[in-house]
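Residues per chain are reported as follows:
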Amino acid sequence: MRFLIFFSIFTAILGLAHYYVGRRMIVGTGSTPKTKRIIWALAVLSFLLCVLALVTRLFLIGHPIAGVFAWVGNTALGLFSIVGILTVGRDLILLVMKLLRRVVGLAQRLSKAPTGSSFERKPDPERRSVLIAGSNL
């Protein structure tokens, strides 16, 4: 019973992670429908290989094919981990860039002074000399 709960949670998390990475890869590439199908096929194949590695390693103990499936599945899981980390990193960088663009845009809108304000006046050398003398520089 505990294994069934673990296996259900493991496959659900792994499936959602594969869906997220596959979806972000498709959106990020702007690819053709054929390429989209290939990316989804690779994501599904990677998911199935990862699950197959767990199942064969547990249920085919001692069988020679279990080691092969485990090796292939764990390799797929490792490659997926690398692609997943890079995808999440890319999304975080894009999120930070989007937030910075909004902050910079807001700062530019707020910094635009109304006409006739002190920002549009030319510097006064006499005022500067008074400020310098007053600050003992």
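So, here is what we can say about the structure in this document. (Residues numbered from 1 in each chain as written. Predicted model: local features only at pLDDT ≥ 70, side-chain atom pairs only at ≥ 80, totals over all residues. Heavy atoms only, no water.)

The interhelical angle for the contact between helix α2 (residues 33–59) and helix α3 (residues 64–111), taken along N-to-C directions, is 140 degrees, at an axis separation of 7 Å. With respect to α3, the axis of α2 lies oblique. Crossing of α2 over α3 shows left-handed handedness. Residue-level inspection shows Ser-46, Leu-49, Cys-50, Leu-52, Ala-53, Thr-56 and Arg-57 of α2 in contact with α3, the latter providing Ala-66, Gly-67, Phe-69, Ala-70, Val-72, Gly-73, Asn-74, Ala-76, Leu-77 and Phe-80. Of the residues in the contact of α2 with α3, the class split is 11 nonpolar, 5 polar and 1 charged. (Axes fitted to C-alpha atoms, helices over the stretch in contact; angles between N-to-C directions. Helix = DSSP H or I, 4+ residues; strand = E, 2+ residues; numbered from the N terminus. Parallel < 35°, antiparallel > 145°, perpendicular 65-115°, else oblique. Left-handed = near helix turned anticlockwise from the far one by under 90°. Contact = heavy atoms within 4.5 Å. Nonpolar A, V, L, I, M, F, W, Y, C, P; charged D, E, K, R; others polar.)

Looking at the element boundaries, Asp-91 is found in helix α3. One polar contact links Asp-91 to Tyr-20, side chain to side chain, over a distance of 2.2 Å. Here Asp-91 is in contact with Tyr-20 and Arg-24, once residues within four sequence places are set aside. (Polar contact = N/O pair within 3.5 Å; in protein donor to acceptor, adjacent residues only side chain to side chain.)

Moving on: the packing of aromatic side chains. On inspection of all chains with the given rule, the structure shows 3 aromatic pairs. Taking the centre distance of 5.8 Å and the plane angle of 20 degrees together, the rings of Phe-6 and Phe-10 count as stacked. Residue Phe-6 and its partner Phe-10 are both found in helix α1 (residues 2–29); the two are separated by 4 residues, about one turn of the helix. Residue classification places Phe-6 among the partly exposed residues on the basis of a relative accessible area of 43%. (Phe/Tyr/Trp six-rings, centres within 6.5 Å; stacked < 30°, edge-to-face > 60°. Buried < 20%, exposed > 50% of the residue type's maximum accessible area, 1.4 Å probe, protein only.)

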